[in-house]
Structure formats: C-alpha cells, structure tokens
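Close look at the chain arrangement
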Amino acid sequence: MPIADAKAPANETVFAFDSAEEIVASVLEELDGASPTSSSARAHLLARIKTALARARATAEAELLRTRRGTKCARQLCMAQDEIIRAIHQFATEYVYPEANPSEAEAVALAAVGGYGRATLAPGSDIDLLFILPYKQTPWGEQVTEYILYMLWDLGQKVGHAVRSVDDCLRMSKADMTVRTATLEARFLTGDRNLFDKMVTRFQAEIVTKTGPEFIAAKLAERDDRHKQMGNSRYVVEPNIKDGKGGLRDLNTLFWIGKYFFHIASGSDFVEKGVLSRAELRTFERAEDFLWAVRCNLHFVTHRADEKLTFDLQPDLSERMGYAERPGMLGVERFMKHYFLVAKDVGDLTRIFCASIEMSLKAKPAMFERVFAGWAGTRSRKIRGETDFFIDRGRLNVTSPDVFAADPVNLIKIFWVSSREDLLFHPDALKHLTRSLPLINRELRNNETANRYFRDILTTPKTVERVLRRMNESGVLGRFVPEFGRIVALMQFNMYHHYTVDEHLIRAVGVMAEILNGGLKKELPLTHELLPQLSGLHLVFIALFLHDIAKGRDEDHSLAGARIARKFCPRIGLNAAETDTVAWLVRYHLTMSEVAQARDIQDPETAQSFAELVQSPNRLGLLMILTACDIRAVGPGVWTGWKGTLLRALYFATEPLVSGGHSQVSQADRIDAAKTALAERLVGWSPEDIAAYQARHYAPYWLRAEADLQVTHARMIHDADETGRSFAGTVDVKGFESITEVTFYTPDHPRLLSVIAGACTMCDASIIGAQIFSMRDGQALDTFRLRRAFPSDEDEKVRAHRIIDSVRDLLQGKKRIPADLGRDSRLNRRLKPFHVPSDVYVSNSLSGKFTVIEVTGLDRTGLLHHLTREISDLNLTIGSAHISTFGEKVVDVFYVTDLTGYKIEAKAREKKIRDRLMQVLDNRAAAE
C-alpha cells in the first residue's frame, strides 16, 4: 500500500502563495553578495518566511470567509507551510551547509506526519515533522536539522519533531501505536526521496500487512478512551471540535483504519472498496469540510490553537459562518444545531464503517475476535417467535437487508426486540436501519402496532435510555416523532443547560428509569418514598420525553408542549385521563422547581396557591418525581441536595392541603409545637432560660425557621450571651445538600444583608438562599446558604469563617466594600456573550404578610450586594431572600415590608422600587 502524497484536487482553485524557489531567490537577491552563512542572511530568510506565512494566512482567512470551505482553507495553509519548510531546507543544504560530495550517511528526508501529514492544517496547528536518516545522525545532518527547527521556532510555530533512522522508524512503529499512526500518515516534503520511499516500503511490508486487526482494535479502544475523557457525549454544549465525540479525530480514526486495513488512499476509495456508499461519502466530505471550517475560524478568532467551542466564542463563529437569527432561534443556536447534526452524522458513519470492518473479518474468525473481543460469543442463534431478527455474536441483527422494506413496522420493532431481549445492536443492523430511514412516513407514524411498540420502549425502565439514544442516533426517533425531530441537536444558548435538548430529554427519561431500577436512593430519597403510593408512574416517562419537546419555538414551550402531548398521547394508546395527566405534567413541569427555589415555603400563601394548582396528592407526587428527574438531567452538578431539600419542604407543606388535613392546625398551635420541640432539645437549660430565650423571637421565626436551625441559633446565642458578645457566627457544612450554612448574630442594621452579600462576594462565595430574622431586643439573626466550593469540609469551614471575620470587620469599619465590587471578575467576562432581559416584578398577592419583589436579569459578581443595598436605601425591611441562578440568569426574590412592618400598597412607591432596582440591573458598568 503506497502512502500517497496529498495533493489538492484538480478541480480546486489554489490560492497564490510564495514557492520555495521564490522565497530563496528573493533572499539571495536581498543579500547582494553577502555570505549566506551570516547572521544577516538568517535574519533576511526569517523575515521573508514571516511575510510569506502572514500573506498565506490572510489569503486563506479571506477565502474561508468568502466560500466557507474549511477543507480548502486547511489545504491552502498546509501547502503554504510546505513551501516555507522546503525553502528553509533548500537554503540550509545549498547555501549554509553545502556538501559537494556527500556520503551515503549525509542524507536526510523530511516528512510531514500527524495532522500535517494529512495535508491539512489549521492556523494554530502544530507542525509535526519526521527527519528520516539512512543510519545514524551525522554532524552535517544535525546542523541541517537544527537550522530548520530553530528557524521554525523563531517563526513562532509549535513544532513536534522526531529524528530517526529507517530502522528506528520501524522499530518504534512496532512498539508504539502513536508512532505507528504518525508513520502511516507520513507525507514526503523534501530531501532524499529514495530514503522516504524505502521507509514507506518497509513499513508496509513489515508492519501494515501483518497487523491490521491489532491496529483496528487499538484505534477503536483509543477512540473510546478519548470519548470517555470528553464526557462520552457528542451533545455537550461546549464541545471540543477536535477530540470530542463526533469531532475531527473521529473522522481521522475512520481514515486511519481505512488506510491501514482497506488500503484506502483517497476519499473515492471508500466507495470503490464498498466501505461507504456514494451518498455516505458525500456525508463524510461535508462533515469534514464543516468541522474544518469551524476549526479554522476558531483559530483565526482566538489567534491560538483553541479546540473548544466555548460560549464566548460561539457568537463570533456563528456570525463568521453566516448563521442569521430566525423566529424562536438565535443565529448561534442555528450554528450549534448544525454542529451537533454533523457530529451525529460522524456517529452514523462510524457505525456503518464498523459494519464494513466486521463484514470483511467474518471470514476470518480469529482476526474478528482480536478486533471485537468484547463482542465474541455464540456465532448466531434464533430469537423465539422472530423471523426477521436473530442474535449474531451476542448482538441483534437482521436476517436480511430487506426486512425493513418488506415491513416498515420492523423499523420500530427492532428497537422493541432490543429492549425486550436486552440486546445491543449489530453494526450491520444499524447500517441497514440508517439506509432505510425514508420508509418512515405518515402511514408508519399512525400504525397502531408501531406505536404500541414505541410506548413499550418508552416505559420499560431497564433499557429505555439505551434504546431511545440508539433510536435517536440512528435517525429513527426524529422521523417517527417529528416533533422530537425538530429539537434533535438543538442547543439553548445559555450556561444552565449542559446538553442539547434531545440529549436532555433522553437523560431525563434515564434518571426516571434509574429510580425505578432501584438507584439514586441516597440522592433522591423522597422519590423512593413516594413510589409505592403513586399510580400512573409510566406516565412520568412519557411526560419527561415530551416536557421540552417544544423548545426552539417562538412561544412558551410549556404551553406548546402540552398541546403536542394532547395529540401524541392518544397516538401511542393512552386514554383521555392519562393524556390529561401527561399534558398537565408537561404544562407545569417548571412550576414546582420555581416555587421551591424562589418562594418562601414557610409562608402559608405559598403552599396554598401551589395546592390550588396541583389539586390531587397523586399529581403532586408525579410532579415531584418529574421535577427531580428534569433538574438532575440538566448536567453534572446542577442537582444538589439543597434543591432536593427545598422540593421536599414544598411537597410536605402542600400534601396536607391536597389531602384535606392541614386546615385543622392553627398558626398558634404550630408556634406552640415549635417552641415545645425546641425546649425538649435544649438539654441543660432551665425553664426560665428557655422561656426568656423564646420571648426574644417574633412569631414568624417559629413558623419559618427549620427545627435543626432553631437549635443551632439557640446554642450560638446562649454562648454569645455567656461571653458578653453582641456579634457571633456559626458554620454548618451540609454534605448531602452540597451547601454551607453560615449564621450571623449581630445588632440589626439597615444594610446588614447588603454587607453580608458584599463580604461573600469578596470571599468568592455564591449565595443561594437566606433567612433573615429580626429579634425583639434589636439583634438580627441571619442564616445564609452558600454553594459549596471545595470538596473538603475543612476548606469549606475555613472559607466560611473568613466570611464571618469579614462581616465583623465591615460592621466595625475596619474594612470597606469596594465601590467597583466584582467589576473585573472572571464570571463577568464569561457572561459577556449572553443577554437576559431585565425585569422587576412587585406583587402583594403572593404572601399574606409581605410584598414580594422578584428580580430577573443577567447574573454578575456583586449583584446581590448592589440589589440589597438599594432595597435598604428604599427603606424596606427584607424578611427573607431566595437566590437562584440558572447559568447566566439570576432570579432573586425578596419578601419585604416597610419599616413599620406593613406591605407596600402605594402604586407610586411600587413604581419607585421597580425603577430603582431596574437601574441596578441595567448598570452594566459594574459587569464590564
């Protein structure tokens, strides 16, 4: 198998760049008789190749912006680089270190390897070179090698290089798969061509022809390890375009294997050798061209070898690549959807390619098992009652390529059989599936049997996530459920969601399945407590599958999703009552989370209004489970025990109301019960001390503070009184909830909350909730919940005590909060690409005692400090604060009264509050 020199296709326009001969000739002309070995000659050459490289890059970038052809850009950059290296080599060997009568040992061949060997370069790519020697290094060869390398380093390029004899190349290729892959891609640049050809011939004869299965197995294992390191999903919203799943490296892997095993030297060979169809080759080429366009644009924008599509770069790239805004979708979201669809195409090609490999190896069982060791097993066996499918080496396969054309219902049934038998798919079956997608039409979508199969797939906990993901990756799911097809590869341009919408839905269904399979008992204890009490659990699977299915439309996705549910559920065989429940769950899938995180759960009005929405204990339980699954599927670290605690508290506050038990317990009875419970836990306190302590609190304290927190407060205040301190603080690290509670006991102060928020910002702490209590003796008792930042409890405590010390110093005037707090924070710079509409909502209907102020807008460091300072300046008293952050969006809710303890009733004052807080939100200077 020859390792072909890569050349631009004949029909491709090649941009003008300086040839090696032109570069050398111009340098010699500039020398005007001066010695080529002089330092000035070297400087002239360096300046000339810098100019050539800059010109080539500028021309390539202009062509990329004009044509948006990524592969062409990468080839142009490579050809320009080739000429620069040839020019340096020519100048070194002919003018700096000329040899009139070189011996056999005084020869060197210079080859491009790695990505450079494939004749494609991104602007920031490494330049990987192989210096091939006939035997061992000679002084002349060492001088030439050093001259070339130092010139490239002075040019500012990152060069990877190896200097090896032909024997060394072969020996190291046998021992090291990375070296073998680099050698496979070696492309002659300049020097002794015979030496290069000798290395290639021996590499082919001594290594390639004998180690095909070994190479395939190593490359597939390497790919799997790389995917695992990158998160094992092609649908992460900040993907790595080079090494991520569905990225350029996956296409490289296919080409490496094709070159090594099928003797493929160019794209057309894929078709000629039957590995891919002509249409699949076009998909390969389009995917490669798009990914190269993204990569080259990314390097041009950042001026370095960035490979990760971070949020701050995505808008620039979408604009450069021509993606305009459409109703319901930003231009950047359209760009990223295209990216994920291409990544999906790469996955499809990988499966088809693996099927071709397996077909080639079937006649060689020993080779097959060396490559697909994990798949080895019984060669084949029938499945009882099935004539169209069989088990082929432990995986589900089709008995004939015609099974889908003969009966299109089989396109759904094969997934049902996979679910029922708990079988993985054979690559052959997936290849035929992919090629049969046009058979999925309206008739199949309305077929009762096909829909029954799909409903069973969707509600089978053991296999549902795996099978749904395979249905999606094969393209079947998006065609069978067109509404789902609209959100395939759809990214929401925000920092909250970690995956595309389709991947999020499948992961949410997977969380529900894990719960029913007995998992997540520690993380989601209440869900397991509810399971035996609830009916219709299968409906949660369907609601989770549908809950975000209307994203990307120019309307509320919850309302649109409920409409879709009312059409979809009867199609898969649900009755009217079941359909109504699913539609309700979809319509209100965000409500429980919003209420739990942004409302005062201890306020009776909160539970009452939520109960009026829910109406039944069964719906409350189903919504509780759906909400937990939804949040947990958003991404790593989004679900925390603290969120679980809030949901649990809302559930227990609401459940008696929907089951008829709560109204018999008066507020006075609840206060008495709380006081009695606390007294029982204050061991060693006299009745007089307990009574005196309880008298220091107002009634709302007993209704809103949790029992454990009341005990912590009592002990802290007792210790402070014993030592005559008016300021005290305690820290409680809560591992399950992933929060740290910091409580402050201090003389009350109008700006106390603002001071504490400022201290937290100064100590890089993120506040997620606060309870604020005023005491009868003029003291304040405030508890703040901070998002955990360190894995170690000790580190968390150190940070929390630093915050307590900072608050003390600020209140005593020893420190001051900077006026530009948070101006230069890393968070603010990361949030720059995002836009969140600012709003302030003032309501007197959400609480019987408080006016509720809800603030939404773009998050920024120090925002809570500035908001609470403004609220204080408005002469408002904050009763409780509920701080929620959803990626770049902040939702802060404050329960407030005026200084006399009453609601804000005057419309003029409500408007003033709104206007002043809007000024804080819109003051972007603090964020820049």
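The coordinates are above.
I will try to describe carefully the structure that is included in this document. Remember, predicted model here, so these are calculated numbers, not experimental data. (Residues numbered from 1 in each chain as written. Predicted model: local features only at pLDDT ≥ 70, side-chain atom pairs only at ≥ 80, totals over all residues. Heavy atoms only, no water.)

1. Brief notes about the overall build of the protein
To keep things clear, this is the line we draw: Helix and strand definitions follow DSSP, with helices as H or I runs of at least four residues and strands as E runs of at least two, each counted in order from the N terminus. For every residue, the accessible area obtained with a 1.4 Å probe (protein chains only) is divided by the maximum for its type, and the residue is called buried under 20%, exposed over 50%, and partly exposed between those limits. Between two residues, a contact is recorded if the distance between any of their heavy atoms is within 4.5 Å. Method for areas: the Shrake-Rupley scheme with a 1.4 Å probe, in which residue coverage is limited to the protein chains shown. In this tally Asp and Glu are treated as negative and Lys and Arg as positive; neither His nor the chain ends contributes. Positions of charges follow a simple convention, taking NZ of Lys, CZ of Arg, CG of Asp or CD of Glu.
Counting its secondary structure elements, the protein contains 41 helices and 16 strands. Projected onto its principal axes, the C-alpha positions of the protein cover 110 × 80 × 50 Å. Within the span of the protein, comprising 928 residues, buried residues form 56% of the whole. Long-range pairs, those at least 24 residues apart, make up 72% of the contacts in the protein between residues at least 6 apart in sequence. Surface accessibility of the protein: about 38800 Å² in total, with carbon and sulfur atoms responsible for 49%. One way to put it: in the protein the 121 positive side-chain charges average out to a point 3 Å from where the 122 negative ones average out.

2. Section: the side chain of Glu870
Locating Glu870 in the fold gives a position in helix H40 (residues 863-873). A residue is classified by how much of its surface remains accessible, and Glu870, at 15% relative accessible area, is buried. Not counting residues within four places of it along the chain, the set of residues in contact with Glu870 comprises Arg916, Leu917 and Val920.

3. Some details on the packing of aromatic side chains
Worth spelling out the cut-off: For this analysis, a ring pair means two rings from Phe, Tyr or Trp (six-membered ring only for Trp) whose centres lie within 6.5 Å, classed as stacked if their planes differ by under 30 degrees, edge-to-face if by over 60, and tilted for the remaining angles. Our definition puts a charge over a ring when NZ of Lys or CZ of Arg is within 6 Å of the ring centre and also within 35 degrees of the ring normal.
For the structure shown, the criterion picks out 32 aromatic pairs. Ring geometry for Phe484 and Phe545: centres 5.2 Å apart, planes at 5 degrees, overall stacked. Linking Phe484 in helix H23 (residues 482-487) with Phe545 in helix H26 (residues 537-546), this pair joins segments that are 61 residues apart in sequence. Here Phe484 matches Phe545 in class, with each residue buried. Among the aromatic side chains, those forming a connected cluster through ring pairs are Tyr235, Phe290, Tyr323, Phe335, Tyr339 and Phe340. A cation sits over an aromatic face here: Arg187 above Tyr116, 5.2 Å from the ring centre.

4. Considerations on the nonpolar core
Put simply, the test is: We call a set of buried residues a nonpolar core when its members are Ala, Val, Leu, Ile, Met, Phe, Trp, Tyr or Cys and they connect through side-chain atoms within 4.5 Å of each other.
Counting residues in each nonpolar core, the largest one holds 236 residues, and the members touching the most others are Phe454 and Phe545. Per-element accounting of this core gives the leading share, 12 residues, to helix H14 (residues 331-361). Among all residues touching Phe545, those that are not within four sequence positions of it are Phe454, Leu458, Leu468, Leu477, Val481, Phe484, Leu505, Val509 and Phe568. Counting residues in each nonpolar core, the second largest holds 45 residues, with Phe784, Leu810, Val842 and Ile913 among its members.

5. So, the side chain of Thr71
Relative to the helices and strands, Thr71 is located in helix H3 (residues 70-96). Classification of Thr71 as buried rests on a relative accessible area of 9%. Excluding its chain neighbours within four sequence positions, the residues that come into contact with Thr71 are Glu288, Asp289 and Trp292.

6. Looking at the packing of helix H29 (residues 591-598) against helix H32 (residues 641-658)
This is how it is decided: Simply put, an axis is a line fit to the C-alpha atoms, just over the touching stretch for a helix, and the angle between two N-to-C directions goes from 0 to 180 degrees. Angles are sorted into four bins: roughly parallel if under 35 degrees, roughly antiparallel if over 145, roughly perpendicular if 65 to 115, and oblique for all others. When residues are grouped by polarity, Ala, Val, Leu, Ile, Met, Phe, Trp, Tyr, Cys and Pro land in nonpolar, Asp, Glu, Lys and Arg in charged, and all others, Gly among them, in polar.
Where H29 meets H32, the axes come as close as 9 Å, and the angle between the chain directions of the two elements is 100 degrees. With respect to H32, the axis of H29 lies roughly perpendicular. Two secondary-structure elements touch here, H29 through Met592, Ser593, Val595, Ala596 and Gln597 and H32 through Lys643, Leu646, Leu647, Leu650 and Tyr651. Counted by class, the contact of H29 with H32 contains 7 nonpolar, 2 polar and 1 charged residues.

7. What to know about helix H34 (residues 687-695)
Applicable threshold: This arc describes the spread of directions from the helix axis toward the C-beta atoms.
Three or more residues of H34 are buried, namely Ile690, Tyr693 and Gln694. Looking down the long axis of H34, one finds its buried residues gathered within 95 degrees of arc, a one-sided arrangement.

8. Here's the deal with the sheet that holds strand S4 (residues 187-191)
To keep it simple, the criterion reads: A pair of strands is treated as paired once DSSP finds two or more bridges between them.
Sheet architecture is open: 4 strands sit in the order S3-S2-S1-S4, paired in mixed fashion. Either end of the sheet is taken by a strand with one partner, and the two such strands are strand S3 (159-165) and S4. On average, each strand axis in the sheet is tilted by 25 degrees relative to the strand beside it, whichever way the strands run. Pairing analysis gives 4 bridges linking strand S1 (residues 109-112) to S4, with the strands arranged antiparallel. Paired with Ala109 across the two strands is Gly191, which belongs to S4. Set on the sheet, helix H6 (residues 166-175) makes contact with strand S2 (127-133) and S3; between it and S3 the angle comes to about 110 degrees. Contacts from helix H8 (residues 193-206) reach S1, S2 and S4, with the element oriented near 95 degrees to S2.

9. Some details on a negative patch on the surface
So the rule is basically this: Each patch is built from residues lacking any salt bridge and having more than 30% relative accessible area; the joining distance is 9 Å for like charges and 5 Å for nonpolar side chains (Val, Leu, Ile, Met, Phe, Trp, Tyr). By definition, a salt bridge exists where a carboxyl oxygen of Asp or Glu is found within 4 Å of a side-chain nitrogen of Lys or Arg.
A contiguous patch of negative charge on the surface is contributed by Glu688, Asp689, Asp719 and Glu722. Mapped onto the fold, Asp719 is located in helix H36 (residues 707-722).

10. Let's talk about the environment of Asp128
For Asp128, the position within the fold is in strand S2. Looking at Asp128, the relative accessible area reads 23%, which means it is partly exposed. When the C-alpha atoms of Asp128 and Ala112 are compared, they prove to be 6.0 Å apart, with 16 residues separating the residues in sequence. Beyond its immediate chain neighbours, meaning those up to four positions away, Asp128 contacts Ala111, Ala112, Val113, Gly114, Gly115, Tyr116 and Gly160.

11. Examining unusual backbone geometry
The residue His303 is not glycine, and still its phi comes out positive at about 60 degrees. Relative to the assigned elements, His303 resides in the loop between helix H12 (278-302) and helix H13 (314-320). We note that Asp422 has phi near 55 degrees; this positive angle belongs to a residue other than glycine. As for its placement among the helices and strands, Asp422 is situated in the loop between helix H17 (410-421) and strand S8 (424-425).

12. So, the pairing of S3
Convention followed: By the criterion used throughout, a crossover qualifies as right-handed when its path from the first strand across the helix to the second strand runs clockwise, the strands pointing away from the viewer.
For S2 and S3, the ladder comprises 7 bridges, and the chain directions are parallel. The residue bridging Asp128 from the neighbouring strand is Gly160, located in S3. Crossover connection from S2 via helix H5 (residues 139-154) to parallel S3: handedness right-handed.

13. Some details on the sheet that holds strand S16 (residues 889-898)
Taken in spatial order, the 8 strands line up as S9-S10-S12-S11-S15-S16-S14-S13 in an open sheet, and their pairing is antiparallel. Two strands lie at the open edges of the sheet, namely strand S9 (728-734) and strand S13 (839-843), each paired on one side alone. Across the sheet, the mean angle from the axis of one strand to that of its neighbour is 15 degrees, orientation sign disregarded. The sheet contact formed by strand S14 (residues 851-858) and S16 spans 8 bridges and is antiparallel. Paired with Val852 across the two strands is Tyr895, which belongs to S16.

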